[in-house]
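Per-entry structural report
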Amino acid sequence: MTLWYLAVIAGVLAAWIQYGRASLTPRFLGAALLRLVSAAVIVALLLGAPAGRAASPQADVALDASESWLRATDSSAWHAALDSARRIGGPRVQRFGDTLRTDATRAAPTDHASRLRDVLDAAAGSGHPVVVITDGEVEEGELLAGLPRGSRALVIPRREGADVALSSIAAPRALLAGDTVQVQVTLAVGSIALPGGTVELRLDDVRLDSVHVPALAPYAERTVAMRGVVALGGSARGDRSAVLRAIVRSLGDREPRNDTIAVAVDVTRAPAAVFVSTAPDFDAREAVAALRGVTSLPTRAFYRVAPGMWRVDGTLAPVEEKVVREAVRDAPVVVLHGDTAIFGAPRAASRGALLLFAPPAADDGEWFAAAAPVSPLASALAGIPFDSLPPLSVAPSLPRGEWQGLVTRRGGSVDERRVALVGWETPRRVAVLGASGFWRWRFRGGIRANAFAALFGTVYDWLAAGRSDQRAVLPDGGVVRAGTAVRWRRGAATDSAVAVLLVRRGAPMRAVPMTLRFARGASLTETPSLPSGIYDVRVQGGVSVLVVNPSRELVPRRPTIKSGAVGGEPALGDAPRLRERGWAYALVILLLCAEWLLRRRVGLR
């Protein structure tokens, strides 16, 4: 009503300004009243004054049914949440987590997520305020602000014990037997400090590394670097799929279900990417680092330090030239730097995708990267700041490829240009990079280092895309958890539908057939989530492994919301606004017309 009081006051002022003391006389009283009412209605429209009484619709109840309740030392918090939901919502209690559904039973929470999006969408459709009952750990807590006015959050704290969990693991998708794998594991701590513990890294049943972790504060996160030498698993065995897992152990940890995290990896005998340099320099060193950094392929690099003398990158251990030749011949992706004809014709010496990194024999002045013409790489190279990059040395001429990836111009000249990168798509992917000095981009840092990563990362990705797995389809890399969709990557399959047989290890139901469908031109697809466990994936062309970890709800995290009023969107019971009523505008026009007629009758304009 405050808005209406302000509107009436404004109307009185308008009538007094127009008519003054004369408004109290019988001659001008009617016109003054009409001016008062019309001005009051106009101000009420501007202020959005209500046009009726507000109602009080009963609030809906949304109960968090995620597994995070199960991390409590007892079930008292969950039963308190059930009692609150029944008291507020009666039989119309809804549960949210993986989905939103009506459920007034007292069943235990089993959802693998705590998503608020469905609650928000349902409230937007009904217009009813919502009481969200939760333990405080929900996804996208900021969505609560979009609930209707009158909504509130009711957070029921759990009684927790000490808990440390593994929240993520970062590791290459493919491992090379005999090489050292480097892994990063992230720990998450609950609301109680822990004295520390030990993290162990295993490849199947073989222990690779063990690291001691010092004391951990409440809600702390800590990343641990681990490494170990990869064993193939027996000389009689070929390439295989394995499970790389990290396990944390700490005195006082009361929740064992989140102490292990695992990913599936491929262990191979031969490297999937080989880098060979006959003239090791800064360009070679940075290009090798980029090859390892932007691809998940097992990479091995060889340097010729003198005629007939070869060394392995990293350890600089001597290696026979025969071994280098065999690696170049068998690798799916090969980079030859320096003398690209060291093993004869490059296309004949290798079978896979090929990058010929051929620096010019002599320095012919400074050349600057100028443009990325239309090519398979153009979309990724378009954002490179060409006008900010250090100079290069560019070969006088390159073979005429199917496309040109990078064009340079001579320093001080706009018209003199040279092509520095060309490529061919068929019959296999081959690129020639005829320039040197890229290390200057990398060493300068900032946007120049980003340009270096963009150029070499794009070239390597393009080469690696030409390498197809013999398996029809395989799980995409990364940690997979219960409650999240499973992503699949196309391998050698060309059909839009691929048959897959999942065999869950240790499960009573041994095999689950499924069909994956790829959209036209797509290399990725998704399927619904799976229960946690280890699955052997059997497809045409071979087998792989899929590891589904326990849900993210079992990993401790800081509560994201607190008890209190939430929401701000209009609710169904809100009073209607005057500006939403068409008759109000017609009333203003009629009042002003009536006032004009009365003014004319008393001799006023």
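None of the values given here were measured: they were computed from a predicted structure. (Residues numbered from 1 in each chain as written. Predicted model: local features only at pLDDT ≥ 70, side-chain atom pairs only at ≥ 80, totals over all residues. Heavy atoms only, no water.)

Okay, the overall build of the protein chain next. What the protein chain contains, in helices and strands, is 11 helices and 34 strands. Taken along the three principal axes of its C-alpha coordinates, the protein chain extends 120 × 70 × 50 Å. Of all 605 residues assigned to the protein chain, the portion counted as buried reaches 47%. Restricting to contacts in the protein chain with at least 6 residues of sequence separation, those with at least 24 account for 66%. Distance between charge centres in the protein chain, computed from 73 positive and 56 negative side chains, equals 6 Å. (Helix = DSSP H or I, 4+ residues; strand = E, 2+ residues; numbered from the N terminus. Buried < 20%, exposed > 50% of the residue type's maximum accessible area, 1.4 Å probe, protein only. Contact = heavy atoms within 4.5 Å. Lys, Arg positive; Asp, Glu negative; His and termini not counted. Charge placed at Lys NZ, Arg CZ, Asp CG, Glu CD.)

What follows deals with unusual backbone geometry. In the segment running from Thr426 into Pro427, the intervening peptide bond is cis, with an omega of -5 degrees. Tracing the backbone shows Pro427 in the loop between strand E23 (417-424) and strand E24 (430-433). Here Glu140, not a glycine, exhibits a phi torsion of approximately 55 degrees, which is positive. Along the chain, the position of Glu140 falls in the loop between strand E4 (130-134) and strand E5 (152-155). With a phi angle near 55 degrees, Tyr219 is a residue other than glycine that sits in the positive phi range. Of note, Tyr219 is situated in the loop between strand E10 (206-213) and strand E11 (221-229). Overall, the relative accessible area of 27% leaves Tyr219 in the partly exposed class.

The next point concerns the packing of aromatic side chains. Counted under the stated rule, the structure contains 13 aromatic pairs. Taking the centre distance of 5.2 Å and the plane angle of 80 degrees together, the rings of Phe438 and Trp441 count as edge-to-face. Judged by relative accessible area, which is 1%, Trp441 ranks as buried. With centroids separated by 4.6 Å and ring planes inclined at 35 degrees, the aromatic side chains of Phe452 and Phe456 adopt a geometry described as tilted. Placement of both Phe452 and Phe456 in helix H10 (residues 446-465) is noted, with a separation of four residues, approximately one turn of the helix. Phe452 sits in the buried class, given a relative accessible area of 3%. Put simply, the rings of Phe357, Phe438, Trp441, Phe452, Phe456 and Tyr460 pair up and form one aromatic cluster. A cation sits over an aromatic face here: Arg347 above Trp424, 4.9 Å from the ring centre. Across from the ring centre of Phe518, 4.4 Å away, lies the NZ or CZ of Arg490, which sits over that ring. (Phe/Tyr/Trp six-rings, centres within 6.5 Å; stacked < 30°, edge-to-face > 60°. Lys NZ or Arg CZ within 6 Å of the ring centre and 35° of its normal.)

Glancing now at the sheet that holds strand E27 (residues 480-481). Read from one edge of the open sheet, five strands run E27-E33-E32-E29-E30, paired in mixed fashion. A single partner strand is all that each edge strand has here, and the edge strands are E27 and strand E30 (511-517). Sheet topology note: the strand E29 (residues 497-504)/strand E32 (residues 533-539) ladder contains four bridges and is antiparallel. Pairing of Leu502 across the sheet is with Val537, part of E32. (Pairing = 2+ DSSP bridges.)

Attention now goes to the sheet that holds strand E13 (residues 260-268). Taking strand neighbours across the sheet as the criterion, the five strands line up as E7-E13-E12-E9-E10 in an open arrangement whose pairing is mixed. Each edge of the open sheet carries a strand with a single partner, namely strand E7 (174-176) and E10. Pairs of neighbouring strands in the sheet enclose a mean axial angle of 30 degrees, with direction left out of account. Here E7 pairs with E13 via three bridges, running parallel. Residue pairing for E13: Leu176 is matched across the bridge by Thr268. (Axes fitted to C-alpha atoms, helices over the stretch in contact; angles between N-to-C directions.)

Under the criterion given, the structure shown has 34 salt bridges. We note a salt bridge from Arg101 to Asp111, for which the minimum N-O separation is 2.6 Å. Of this pair, Arg101 sits in strand E3 (residues 100-102) while Asp111 sits in the loop between E3 and helix H4 (117-126), and the two are 10 residues apart along the sequence. We classify Arg101 as partly exposed; its relative accessible area is 26%. (Salt bridge = Lys/Arg side-chain N within 4 Å of Asp/Glu carboxyl O.)

A few words on the pairing of strand E15 (residues 299-306). Across five bridges, the pairing between strand E14 (residues 273-277) and E15 is parallel. Along E15, the bridge assignment pairs Ala273 with Thr299. Between E15 and the antiparallel strand that follows it, strand E16 (residues 309-312), lie two residues; Gly308 among them carries a positive phi value of about 80 degrees.

Now for the side chain of Ser551. In this fold, Ser551 is placed in the loop between strand E33 (542-549) and strand E34 (564-565). What Ser551 contacts, discounting residues up to four positions off in sequence, is Glu67, His112, Arg481 and Ala482.

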